[in-house]
Amino acid sequence: MVDQTHSATGARPVAARPIAFRGGGFAPRPVRHVAPALFLVLIVLVEAGTRSGIISNLTLPRPSAVALTLYDLAVSGGLMQHLVPSMRRLGVGIALGLSAGIGLGVLIGLFSLIRAGLVPLVAALFPIPKIALLPLFVIWFGIDETSKYALIAFGTFTPMVVATYGAVDNVDRTLVRMGQSFGLGWWAIVTKIVMPGAFPAILSGMRVAIAIGIILLTAAEMLGAEYGIGAYILTAGSLYDLEKLFAGVSILSMLGLMVSFVIGRIEKRMLDWR
Amino acid sequence: MQLELVSVGHAYGPVEVMADISLTVPTGRIVCLVGPSGCGKSTLLRILGGLERPDRGAVLQLGQPPAGCLNPLTYVFQHFALLPWRTVEGNIRLVLEHHHLAAAERREIIDDVLARTRLTDFRAAWPRQLSGGMRQRVALARALAVRPAVMLLDEPLSALDSQTRELLMDDLVALWTRAPFTAVYVTHNLDEAVRLGHRIVVLSRRPGRIRAMLDIDIPLAERAGAAGELAARQAELWSMMRAEAEAADRELSDG
Ligand SMILES: Nc1ncnc2c1ncn2[C@@H]1O[C@H](COP(=O)(O)OP(=O)(O)O)[C@@H](O)[C@H]1O
Ligand SMILES: [Mg+2]
């Protein structure tokens, strides 16, 4: 029925219809309230499942019981007993690992000789699962805190080195030439052009490194510690105490969320030029 | 201060980029370098500014830079080269920070160049908030802030659309008319060359040699009204360049 011919005067074709829209999509945008709602639905589903017996209490604990356990742990002071040593290990280990990693990464980015020597070395260390080195660190530093610091420091160091020299490499060289053309000295170019230019990528490297730090913290604490979130989880597991086990896991999850919140804050504050 | 190139030649490995270039850049004049792309214009400008060593020949500076000059040879880059993490004002301050200036004098310089490039209202803006034309004005303001003896401009308007380009050409003419500066202005746009150049130097395709020089005596401020004369000059330039451009276009690049 569609008549494609034009009239002799070149006026409008007989059948006119709007062209079909086929663009759009592929552009994720933030949607509010979806994440909390989904979280709530999952909790409610598990709560209902465990209460009715559809989910056996050896599979998942009741969320309400986990919340109660967390509350008791906080009130009894047990939370601090485990959280404080964990935070100290994480803090010390990460501080060592990140500062060494960033420092060395910048040197690799700036000096050809250091790069030539260290990049292959870092490439060889990078793929080692760092937890495999814990026995060695125990031999070197003893079973106590130092070996845990060393493990976390070393485990966060390698990804941080790689992220940092990549970040320095990716600083726009025309900006460096610009600095030179205005007579800026070497130090001014490093501090005013290279470092600020590398900063965003260094921050996202930190995110990854700290997540690795939390993994290593837990593993190290499971392998030999009296107190600490990892030790708490391991004890709970060996006693089939799922409430405590999940309480410990939620603490780790919150720890991770906190770190990513803090880094997000730093990004917002320092990178408002983007 | 005058710049002189004495039979400069340069090669990157086996690729000979330019050969036997001798040229004088007189004080208070704008010398335009035109030539097909890849003929070594940017390289020549880097050599002029001391960012690259020529294999042969020499670049000489005749006379002293004027008093108060902070950076005698100052670049303006095609892609602006602004630090995105500094505001307009911060980008200009960057090039003054390492000079020993009183805080008041620094402020004065910044206020002056912002006013001259009509950016006073934008001093707190981030580069990302600015249009291409405004960004290049910031780069111009930054270059003026160090009171250069010679400005080296590498296709400063090539990243801009043609309307913005017209506006910035007018700005450059106004800046020069108020306070004549010495400049080497690289472009592949013949319209820019005849509007802004006192002397136009035509380079051949790679290896770049000087094919011709053309002086235009019409004062810069009057060129907007001399369209006919300029069109004739532009046609003359194009007839000199056409064959070279065509050959350069068909060249395989493996350099
Ligand atoms: N750093 C470099 N290393 C090797 N070759 C280069 C380098 N810079 C430029 N060249 C080559 O030199 C030639 C001239 O480049 P350039 O000066 O940028 O030309 P133009 O600015 O006239 O387009 C080109 O063939 C380019 O590939
Ligand atoms: Mg170029």
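In this text, all values refer to a predicted model and were calculated from it rather than measured experimentally.

1. A short note on the interface of chain B and chain A
So, point 1. Every contact between the two is made by 21 residues of chain B and, on the other side, 16 residues of chain A.
So, point 2. In this assembly, chain B packs against chain A so that about 1,700 Å² is buried in total across both faces, 71% of it on carbon and sulfur atoms.
So, point 3. Joining chain B to chain A, the criterion identifies one salt bridge.
So, point 4. Our enumeration of links across chain B and chain A arrives at eight residue pairs in polar contact (both at pLDDT 80 or more).
So, point 5. Contributing elements (two or more residues each) for the side of chain B that touches chain A: strand E5 (73-76) and helix H4 (132-145) of chain B.
So, point 6. In terms of residue count, E5(B) provides more of the side of chain B that touches chain A than any other element does, three residues in total.
So, point 7. Looking at the side of chain B that touches chain A, its residues break down into 14 nonpolar, three polar and four charged.

2. Regarding the side chain of B:Thr117
So, point 1. Turning to its location among the elements, B:Thr117 is positioned in the loop between helix H3 (103-116) and H4.
So, point 2. Here B:Val113 takes part through its backbone oxygen, which lies 2.7 Å from a polar atom of the side chain of B:Thr117.

3. Considerations on helix H2 (residues 63-76) of chain A
Residues and elements named next belong to chain A.
So, point 1. The terminal C-alpha atoms of H2 lie 20 Å apart, and with 14 residues this matches the ideal 20 Å at 1.5 Å per residue to within 8%.
So, point 2. If you check which residues of H2 are buried, you get Pro63, Val66, Thr69 and Leu73. Along the axis of H2, the buried positions cluster into a sector of 115 degrees, meaning they face one direction only. For H2, the exposed residues set more than 90 degrees away from the buried face come down to Leu68, Tyr71, Val75 and Ser76.
So, point 3. Looking at the buried side of H2, the elements it contacts are helix H1 (34-52), helix H3 (78-110), helix H9 (229-238) and helix H10 (242-270).

4. Comments concerning the site of ligand 1
Residue and element names in this part refer to chain B.
So, point 1. Taken together, Tyr12, Val17, Ser37, Gly38, Cys39, Gly40, Lys41, Ser42, Thr43, Arg46 and Arg206 make up all the residues around ligand 1.
So, point 2. One of the backbone N or O atoms of glycine 38 is found 2.7 Å from an oxygen atom in ligand 1.
So, point 3. One of the backbone nitrogen or oxygen atoms of cysteine 39 is found 3.3 Å away from an oxygen atom of ligand 1.
So, point 4. For ligand 1, the protein covers 64% of the area, taking 560 Å² as the surface of the free molecule.
So, point 5. Looking at the shell around ligand 1, the element that brings in the most residues is helix H1 (residues 41-48), giving four residues.
So, point 6. Considered class by class, the residues forming the shell around ligand 1 number three nonpolar, five polar and three charged.

5. Section: the sheet that holds strand E2 (residues 15-25) of chain B
Residue and element names in this part refer to chain B.
So, point 1. If you walk across this open sheet you meet the three strands as E2-E1-E4, and the pairing is antiparallel. The open sheet terminates on both sides in strands that have one partner only, identified here as E2 and strand E4 (56-62). Each strand of the sheet is rotated relative to its neighbour by a mean of 15 degrees, with strand direction disregarded.
So, point 2. Alignment of strand E1 (residues 2-12) against E4, held across six bridges, turns out to be antiparallel. Each bridged residue has a counterpart across the sheet, and for leucine 5 the counterpart in E4 is valine 59.
So, point 3. On top of the sheet, H1 reaches E1, E2 and E4; it is set at about 125 degrees to E1, its chief contact.

6. Looking at the sheet that holds strand E6 (residues 150-154) of chain B
Residues and elements named next belong to chain B.
So, point 1. Read from one edge to the other, the open sheet built from six strands follows the order E5-E6-E7-E3-E8-E9, with strand pairing classed as mixed. With one partner strand each, in any of the chains shown, E5 and strand E9 (210-215) form the two edges of the open sheet. On average, each strand axis in the sheet is inclined to that of its neighbour by 20 degrees, with strand direction left out of account.
So, point 2. Pairing analysis gives four bridges linking strand E3 (residues 30-34) to strand E7 (residues 182-186), with the strands arranged parallel. Within E7, the position partnered with valine 31 by the bridge is valine 184.

7. Description of the domain arrangement of chain B
Residues and elements named next belong to chain B.
So, point 1. What the domain assignment reports for chain B is domain 1 (1-65 + 182-255) and domain 2 (67-148).
So, point 2. Taking only C-alpha atoms into account, the centre of domain 1 sits 26 Å from that of domain 2.
So, point 3. In this assembly, eight residues from domain 1 lie in contact with five residues from domain 2.
So, point 4. Buried area between domain 1 and domain 2, summed over both chains or domains, comes out near 530 Å², and the portion from carbon and sulfur atoms is 74%.
So, point 5. A per-residue breakdown of the area domain 1 buries against domain 2 is headed by Gly49, Leu51 and Pro65, which together make up 56% of the total.
So, point 6. The tally of links from domain 1 across to domain 2 stands at zero salt bridges.
So, point 7. Joining domain 1 to domain 2, the criterion identifies two residue pairs in polar contact (both at pLDDT 80 or more).
So, point 8. If you tally residues by element for the side of domain 1 that touches domain 2, the top one is H1, at three residues.
So, point 9. For the side of domain 1 that touches domain 2, a count of residues per class yields six nonpolar, one polar and one charged.

Reading guide: rules and limits
- Residues numbered from 1 in each chain as written.
- Chains lettered and ligands numbered in written order.
- Predicted model: local features only at pLDDT ≥ 70, side-chain atom pairs only at ≥ 80, totals over all residues.
- Heavy atoms only, no water.
- Contact = heavy atoms within 4.5 Å.
- Buried area = accessible area lost by both parts, 1.4 Å probe.
- Salt bridge = Lys/Arg side-chain N within 4 Å of Asp/Glu carboxyl O.
- Polar contact = N/O pair within 3.5 Å; in protein donor to acceptor, adjacent residues only side chain to side chain.
- Helix = DSSP H or I, 4+ residues; strand = E, 2+ residues; numbered from the N terminus.
- Nonpolar A, V, L, I, M, F, W, Y, C, P; charged D, E, K, R; others polar.
- Expected span 1.5 Å × (residues − 1).
- Buried < 20%, exposed > 50% of the residue type's maximum accessible area, 1.4 Å probe, protein only.
- Arc of directions from axis to C-beta.
- Near = heavy atom within 4 Å.
- Areas by Shrake-Rupley, 256 points an atom, 1.4 Å probe, with all protein chains shown as cover.
- Pairing = 2+ DSSP bridges.
- Axes fitted to C-alpha atoms, helices over the stretch in contact; angles between N-to-C directions.
- Domains from an automatic or database assignment.

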